[in-house]
Amino acid sequence: MSVEAMYQEIILDHYKAKHHAGLRDPYEAEVTHVNPSCGDEIMLRVHLDGDTVADVSYDAVGCSISQASTSVMSDLVIGKTVDEGMALAASFSEMMHSRGEIEPDEDVLEDAVAFVGVAKFPARVKCALLGWSAWKDAVAHALAAKES
Amino acid sequence: MSVEAMYQEIILDHYKAKHHAGLRDPYEAEVTHVNPSCGDEIMLRVHLDGDTVADVSYDAVGCSISQASTSVMSDLVIGKTVDEGMALAASFSEMMHSRGEIEPDEDVLEDAVAFVGVAKFPARVKCALLGWSAWKDAVAHALAAKES
Amino acid sequence: MPDRSPFWLADAVRPDFPILARRVGEWPLTYLDSGNTSQKPRQVVDAIAAQYLEHNANVARAMHLLGAEATEAFEGGRAKVASFIGGRPEEIVFTKNASEALNLAAHALGQHLKLGPADEVVTTVMEHHSNIVPWQLLCERTGATLRWFDVTESGRLDLAQAHADGLLNERTKIVTAAWVSNVLGTVNPVIELAARAHAVGAVFVLDASQGVPQLPTAVRDLGADLVAFTGHKMVGPTGIGVLWGRYDLLEKLPPFLGGGEMIEIVEMERSTFAPPPARFEAGTPPIAQAVGLGAAADYLSALGMDNVAAHERAITAYALERLNAIDGLRILGPNEIADRGGAIAFTLATPDGAEVHPHDLMQFLDSRGVAVRGGHHCARPLHKRFGVQSSTRASFYLYTTPDEIDRLADSLIYTRDFFTRGAA
Amino acid sequence: MPDRSPFWLADAVRPDFPILARRVGEWPLTYLDSGNTSQKPRQVVDAIAAQYLEHNANVARAMHLLGAEATEAFEGGRAKVASFIGGRPEEIVFTKNASEALNLAAHALGQHLKLGPADEVVTTVMEHHSNIVPWQLLCERTGATLRWFDVTESGRLDLAQAHADGLLNERTKIVTAAWVSNVLGTVNPVIELAARAHAVGAVFVLDASQGVPQLPTAVRDLGADLVAFTGHKMVGPTGIGVLWGRYDLLEKLPPFLGGGEMIEIVEMERSTFAPPPARFEAGTPPIAQAVGLGAAADYLSALGMDNVAAHERAITAYALERLNAIDGLRILGPNEIADRGGAIAFTLATPDGAEVHPHDLMQFLDSRGVAVRGGHHCARPLHKRFGVQSSTRASFYLYTTPDEIDRLADSLIYTRDFFTRGAA
Ligand SMILES: Cc1ncc(COP(=O)(O)O)c(C=O)c1O
Ligand SMILES: Cc1ncc(COP(=O)(O)O)c(C=O)c1O
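Computed from a predicted model, the values in this text were never measured in an experiment.

## Describing the site of ligand 2
Alright, step 1. Around ligand 2, a shell composed of 15 residues is seen, among which C:Ser99, C:Asp207, C:Thr230, C:Lys233 and D:Thr284 lie nearest.
Alright, step 2. Positioned at a junction of chains, ligand 2 has nearby residues supplied by chains C and D.
Alright, step 3. A distance of 3.2 Å is found between an oxygen atom of ligand 2 and a backbone nitrogen or oxygen belonging to C:Ala98.
Alright, step 4. C:Asp207 is positioned with one of its side-chain polar atoms (N or O) 2.5 Å from a nitrogen atom of ligand 2.

## Comments concerning the confidence of the model for chain C
Alright, step 1. Mean pLDDT for chain C: 96, with 98% of residues reaching 70 or above.
Alright, step 2. We note a pTM of 0.95 for the whole complex and an ipTM of 0.93 for its interfaces.

## Describing the domain arrangement of chain C
All names here are of chain C.
Alright, step 1. Here chain C is described as being made up of domain 1 (8–31 + 304–423) and domain 2 (44–302).
Alright, step 2. Distance from the C-alpha centre of domain 1 to the C-alpha centre of domain 2: 29 Å.
Alright, step 3. Between domain 1 and domain 2, the residue contacts involve 34 residues of the former and 33 residues of the latter.
Alright, step 4. Along the contact surface separating domain 1 from domain 2 lie three salt bridges.
Alright, step 5. With a closest N to O distance of 3.4 Å, Arg 385 and Glu 153 form a salt bridge.
Alright, step 6. One can count 19 residue pairs in polar contact (both at pLDDT 80 or more) joining domain 1 with domain 2.
Alright, step 7. At the level of secondary structure, the elements contributing two or more residues to the side of domain 1 that touches domain 2 comprise α11 (305–324), β14 (343–349) and α13 (380–385).
Alright, step 8. Looking at the side of domain 1 that touches domain 2, its residues break down into 18 nonpolar, seven polar and nine charged.

## Some points on the packing of helix α4 (residues 98–112) of chain C against helix α5 (residues 133–142) of chain C
Residue and element names in this part refer to chain C.
Alright, step 1. Put simply, α4 and α5 touch, their axes get as near as 9 Å, and they point 25 degrees apart. Relative to α5, the element α4 lies roughly parallel. Our pair here, α4 against α5, has a crossing hand that is right-handed. Here Leu 102, Asn 103, Ala 105, Ala 106, His 107 and Gly 110 of α4 come into contact with α5, specifically with Pro 134, Trp 135, Leu 138 and Arg 141.
Alright, step 2. By residue class, the composition of the contact of α4 with α5 is six nonpolar, three polar and one charged.

## Examining the relation of the copies chain C and chain D
Alright, step 1. Superposition of chain C onto chain D requires a rotation of 180 degrees combined with a translation of 0.0 Å along the rotation axis, giving an RMSD of 0.0 Å. In the structure described here, the two chain copies are related by an operation that fits a two-fold rotation axis.
Alright, step 2. Most of the interface of chain C is mirrored in chain D, where 100% of its interface residues again form contacts.

## Focus: the arrangement of the chains
Alright, step 1. Comparison of the five pairs of chains in contact shows the highest number of contacts for chains C and D.
Alright, step 2. Kept free of each other, chain A and chain B leave a smallest C-alpha distance of 43 Å between them.

## A closer look at the packing of aromatic side chains
Alright, step 1. Considering all chains together, one arrives at 25 aromatic pairs over all chains under this definition.
Alright, step 2. Relative to C:Tyr318, the ring of C:Phe7 lies with its centre 6.3 Å away and its plane at 65 degrees, an arrangement referred to as edge-to-face. Of the two residues, C:Phe7 sits in the segment before α1 (8–13) while C:Tyr318 sits in helix α11, which places them 311 residues apart along the sequence. An identical accessibility class is assigned to C:Phe7 and C:Tyr318; each is buried.
Alright, step 3. A centroid spacing of 6.0 Å and a plane angle of 80 degrees characterise the contact between C:Phe17 and C:Tyr299, whose relative ring orientation is edge-to-face. One end of the pair, C:Phe17, is in the loop between α1 and β1 (23–24); the other, C:Tyr299, is in helix α10 (residues 287–303), with 282 residues separating them in the sequence. For the pair C:Phe17 and C:Tyr299, one class covers both residues: buried.
Alright, step 4. Here the aromatic residues A:Tyr7, C:Phe364, C:Phe418 and C:Phe419 are joined through ring pairs into a cluster of three or more.
Alright, step 5. Seen from the ring of C:Tyr414, C:Arg368 lies directly overhead, with NZ or CZ sitting 3.9 Å from the centre.

## What to know about the interface of chain C and chain D
Alright, step 1. Contacts between the two partners involve 91 residues from chain C, matched on the other side by 91 residues from chain D.
Alright, step 2. Here chain C packs against chain D, burying approximately 7300 Å² in sum over the two surfaces, 60% of which is carbon and sulfur.
Alright, step 3. Inspection of the chain C/chain D interface yields eight salt bridges.
Alright, step 4. Where D:Glu267 meets C:Arg380, a salt bridge forms, and the shortest distance between an N and an O atom there is 3.8 Å.
Alright, step 5. Taken together, chain C and chain D are joined by 44 residue pairs in polar contact (both at pLDDT 80 or more).
Alright, step 6. Top element by residues in the side of chain C that touches chain D is helix α2 (residues 42–54) of chain C. It accounts for seven residues.
Alright, step 7. Within the side of chain C that touches chain D, the residues separate by chemical class into 42 nonpolar, 31 polar and 18 charged.

## Some details on helix α7 (residues 190–199) of chain D
All names here are of chain D.
Alright, step 1. What α7 keeps buried is the set Val 190, Leu 193, Ala 194 and Ala 197. Projected down its long axis, α7 shows its buried positions confined to an angular sector of 100 degrees, all on one face. Those residues of α7 that are exposed and aimed more than 90 degrees away from the buried face are Ile 191 and Ala 199.
Alright, step 2. Looking one or two residues past α7, Gly 201 carries a phi angle of roughly 80 degrees, positive in sign.

## Thoughts on the pairing of strand β6 (residues 145–149) of chain C
Residue and element names in this part refer to chain C.
Alright, step 1. Note that strand β5 (residues 120–124) and β6 share five bridges and pair parallel. Bridge pairing in β6 links Val 121 to Leu 146.
Alright, step 2. In this region the chain leaves β5, passes through α5 and returns to the parallel neighbour β6; the handedness of that crossover is right-handed.

## Overview of the pattern of salt bridges
Alright, step 1. Considering all chains together, one arrives at 60 salt bridges over all chains under this definition.
Alright, step 2. Salt-bridge contacts for D:Asp360 lead to B:Arg124; the nearest nitrogen and oxygen are separated by 3.0 Å. With D:Asp360 in helix α12 (residues 358–367) and B:Arg124 in helix α6 (residues 122–147), this pair bridges two chains.
Alright, step 3. A relative accessible area of 0% means that D:Asp360 is categorised as buried.
Alright, step 4. C:Asp225 is the salt-bridge partner of C:Arg246, the closest N and O atoms lying 2.9 Å from each other.

## Quick look at the sheet that holds β5(C)
Residue and element names in this part refer to chain C.
Alright, step 1. A sheet is described by the order of its strands in space; here seven strands give the open sequence β4-β10-β9-β8-β7-β5-β6, paired in mixed fashion. Looking at which strands have only one partner, the edges of the open sheet turn out to be β4 (92–95) and β6. Averaged over all adjacent pairs, the angle separating strand axes in this sheet is 20 degrees, with direction ignored.
Alright, step 2. Relative to strand β10 (residues 241–245), β4 runs antiparallel, the two being bridged by four bridges. Bridging from a neighbouring strand, Val 93 pairs with Leu 243 of β10.

## Some details on the sheet that holds strand β13 (residues 329–332) of chain D
Residue and element names in this part refer to chain D.
Alright, step 1. Pairing is antiparallel in the open sheet, where four strands are placed in the order β13-β14-β17-β16. At either end of the open sheet lies a strand with only one pairing partner, and these are β13 and β16 (373–375). Neighbour-to-neighbour, the strand axes of this sheet turn through a mean angle of 30 degrees, independent of strand direction.
Alright, step 2. Judged from the four bridges that link them, strand β14 (residues 343–348) and strand β17 (residues 391–395) form a sheet pairing that is antiparallel.

## Some points on the site of ligand 1
Alright, step 1. Near ligand 1 you find 15 residues, and of these C:Thr284, D:Ser99, D:Asp207, D:Thr230 and D:Lys233 are the closest.
Alright, step 2. Neighbouring residues of ligand 1 are not confined to a single chain but are spread across chains C and D.
Alright, step 3. Between ligand 1 and D:Ser99, the relevant distance is 2.6 Å, taken from an oxygen atom to a side-chain nitrogen or oxygen of the residue.
Alright, step 4. For ligand 1, an oxygen atom lies 3.0 Å from a polar atom in the side chain of D:His128.
Alright, step 5. Taking 390 Å² as the accessible area of ligand 1 by itself, protein coverage stands at 99%.
Alright, step 6. Taken together, the residues of the shell around ligand 1 sort by class into one nonpolar, 11 polar and three charged.

## Comments concerning the interface of chain A and chain D
How big an interface is tends to be stated in terms of the accessible area lost upon association of its parts.
Alright, step 1. Facing seven residues of chain A, the contacting portion of chain D comprises seven residues.
Alright, step 2. The contact between chain A and chain D buries some 540 Å² in all, and 72% of this surface belongs to carbon and sulfur atoms.
Alright, step 3. Our count for the chain A to chain D interface comes out at zero residue pairs in polar contact (both at pLDDT 80 or more).
Alright, step 4. Grouping the constituent residues of the side of chain A that touches chain D by class yields four nonpolar, one polar and two charged.

## Examining the pairing of strand β1 (residues 29–35) of chain A
The two faces of the sheet receive side chains in turn, since in a regular strand these alternate between them.
Residues and elements named next belong to chain A.
Alright, step 1. With five of seven residues buried, β1 is to be regarded as a mostly interior element.
Alright, step 2. Pairing of β1 with strand β2 (residues 40–49) involves seven bridges; the strand directions are antiparallel. Among the inter-strand pairings, Asn 35 is bridged to a residue of β2, identified as Asp 40.
Alright, step 3. What sits between β1 and β2 in their antiparallel hairpin is a turn of four residues, with Gly 39 showing a positive phi close to 90 degrees.

The rules behind the values
- Residues numbered from 1 in each chain as written.
- Chains lettered and ligands numbered in written order.
- Predicted model: local features only at pLDDT ≥ 70, side-chain atom pairs only at ≥ 80, totals over all residues.
- Heavy atoms only, no water.
- Near = heavy atom within 4 Å.
- Polar contact = N/O pair within 3.5 Å; in protein donor to acceptor, adjacent residues only side chain to side chain.
- pLDDT = per-residue confidence, 0-100.
- Domains from an automatic or database assignment.
- Contact = heavy atoms within 4.5 Å.
- Salt bridge = Lys/Arg side-chain N within 4 Å of Asp/Glu carboxyl O.
- Helix = DSSP H or I, 4+ residues; strand = E, 2+ residues; numbered from the N terminus.
- Nonpolar A, V, L, I, M, F, W, Y, C, P; charged D, E, K, R; others polar.
- Axes fitted to C-alpha atoms, helices over the stretch in contact; angles between N-to-C directions.
- Parallel < 35°, antiparallel > 145°, perpendicular 65-115°, else oblique.
- Left-handed = near helix turned anticlockwise from the far one by under 90°.
- Least-squares fit on C-alpha atoms with pLDDT ≥ 70 in both.
- Phe/Tyr/Trp six-rings, centres within 6.5 Å; stacked < 30°, edge-to-face > 60°.
- Buried < 20%, exposed > 50% of the residue type's maximum accessible area, 1.4 Å probe, protein only.
- Lys NZ or Arg CZ within 6 Å of the ring centre and 35° of its normal.
- Buried area = accessible area lost by both parts, 1.4 Å probe.
- Arc of directions from axis to C-beta.
- Pairing = 2+ DSSP bridges.
- Right-handed = clockwise from strand over helix to strand, strands pointing away.
- Areas by Shrake-Rupley, 256 points an atom, 1.4 Å probe, with all protein chains shown as cover.

Here is the structure:
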């Protein structure tokens, strides 16, 4: 697959106009994740309302893949339950580690299916996962905070 | 040259019965030298009487080459002036670094000419020089002590 | 040879580097990441293979035939490296890379100078992380304060500001800087820095990782007390670096790593240590790597480091010309060839002003066979100083051709236009 | 294969080691110094050459095609080494040799455990200098006390005496020992030592430099918290060593060397560090060496470490038999094959009781093509404990044949007789 095909319109659109970007209140957990090999960084907040992901807000610098993936992620998980969000994260991660050999389910992953091409470029898989890992980590923190 | 030829009778004789061995009083300087690659060690004392090397005594462990060379050295320098001893040390060192290509002067180096064969075995040159370096170092210390 | 092409060296050496004939899909490989690591000529790889297959043994402590051959080859490597930089063999300490050499310098100097809370260590904001973090860790251990030279907008050390701020003063115990910046390409005024450090009684440590590969080096003329560099950037193997030191300073430094080979007498209660360089080389040294690095020094010497430096200048000048002609491209650091090495870092924006992220840029270039580096190049503080998160870096070496620069420029334009279309 | 020779492995592998076909004058080379460093098969040398000539680039930070290939090859090496010892890739820290691995352990543990004057570190008198000096330096830095296990006359750790002396107690913070002694060949009761260390709450560090090359290794079963070993003794390249650690311990340890690759975020004021193993790998790692070590692990795995260990036992048993039959020869350490590795150190005396010095012995053997090591083998305290200044050591590996043992025995007799004649 060509690199041009990997950079699908959807990805470039999200990159140009990131959804849910910026840091907002209220939030229960804030985390910073870094991809040290390329320097991409993200600070991400999660606000839970009961079991529901009420908001995800973030401040991030990085490549189009990491930025667009974070934007798509925020679209997908906001309004879902934590469990649904985690299931999405697992599906996305599975797709990204498939080297492009899984046919992703567009009904589930929506815009995120655009990243299936990225899975063919192992060096970029980390980029696509950066926002998702930050989100999972932040949710874990938020749940832990609720417990105690 | 064969290894058997390198181990001349003279060397083995000195090895079996080391001349001037043991640590004696009086002395002006005592040094310890080590060959870390093989573990050979020597503690050596020098007693100067004016400009004359009145005694060299030592306690050493090591191979036949280092032991015999120290024994021969003590024979050569005891009773000589410091300058004569240093000149001998220089001649010996020159012979040892010649890779066996110098014809040593038996009138000057006496028994020490037996070590010319050792010069053909670079790994053993350090062995033959151990006692001589210790002697030069001890003399330097003794002279320095006299100065101050 | 007045009618020789200014780029004759590349044509002469390329047959020695079979990897440069590789293709990336339909494109020829265009390797412009030599500042990261250089390619290796057959001569170096063959020397390493011959060492393993014909002369392999441990050194120093093995005195049989193979041991003698291995020791001669290993110490021969040390002697070649020494003469390559105008030093003496006993001043060459082999480490695993430049980073270890700098950590060794930090540990040994810290202990030797009895560094404490009243002392200051000075580095620069343009350093590679390997010449920042060891000094941060040293300051953390000892309570000393880390300070640094800033840079000007054009990417030169801001000596005037440093002077005004009294950056170097009687509290300064160690000053360190890179000879050549791995990002900006800036060649720093090493002799002047050394003199300023010495004027306040400080030790001057030079990170020559990007200097030794490109410039003829006479280590004594640079004025530095300790000099670190790395094998893999000078057509040599990975797994070996060098710390050169003035012998009278090395002699005073305590050991860093302990173990076999660096000792004199070991008792369970205490040990004494060998003289330099052995004192700083604990355990089995990088034997085959020293042989390989010796072969690398021979290879470069045979070509002539003057020729290598002239080629670097010519190809960098050509690259500056081609890159400066690209709309939206902004070069970080010196934009003229004076006092400049063969690394060019830049950012690229589409006509609407949006930056093409270096990571995306790199990927597009790679798809056309052009290998550059995107990121902060182990110099995050410098990028922050320039207000950018990251950059793209093309870096050149003796085998780089003007055709490769053309392919770089064409690919940059293509990529910028792709992202411009995306915006439309 | 019931009628296979017990030494079939050597015949099978010798063609892979061209150096073993060398001659020393009129004699065939008899390489019996594998405990010092092993020879390398073509497969390992070819893997290194291919890495340099076809896939060379820096790792992790280079994301172009060659960078991806180099990263995959390098991390592939890590994965192979991990599976060779039954560990996980993220538990494998690459160092330059075993000595650096042990120094890293000493520095990181010392800081992590906040070692101080009330604490004790325990090693053994049979250690290689590389497992003594780092702990001496640690104790010097922190004020802790270094203590050690003694050995019995037969060369085993004296556990009874240690128990009686309360060697391990509530002050003990670190216990370290060799798996297999590089001098005596003793295989130490690692699992028991680990359990005793853990019983007093201490961390157990294993020097497996002579163990991993010879014995099937399942690092989790050994019970050690940190395990060090070295590439060049296991048919791998020089310039690479390994520190394996339990991940939950590695995760808690502070960095040792600072620089590129081991960081997370660098600011001039402070830095944060990457998770293990990167945290402990500052600078460009030994890339080609990791590829070579991976090939070495593959080579040994394909033969089967059970077979390698069986060969080591068989050849050592044969050597013990031949050497014990030589008048005047005294073996240091275990004289039976149980719990014994493939290194035999000995002294040799003429009938009048005079020792043939190991250095002289070695030279005579070398003149007949037999390569052994004479000296203290980086274990001076152990030699002192046995009341000898030095010894001669023959050490074997998968390619050692009974013919070679015969040549060793014949040469020893010849040399003893030469020095006997000298005495007459
Ligand atoms: C038992 C033991 N520990 C440590 C070492 C040190 O290994 P290296 O020299 O590769 O650091 C050796 C080998 O020399 C050894 O035999
Ligand atoms: C200026 C500079 N210093 C230090 C280093 C570190 O060298 P190494 O990674 O070989 O330790 C590099 C290269 O990465 C460099 O460019």
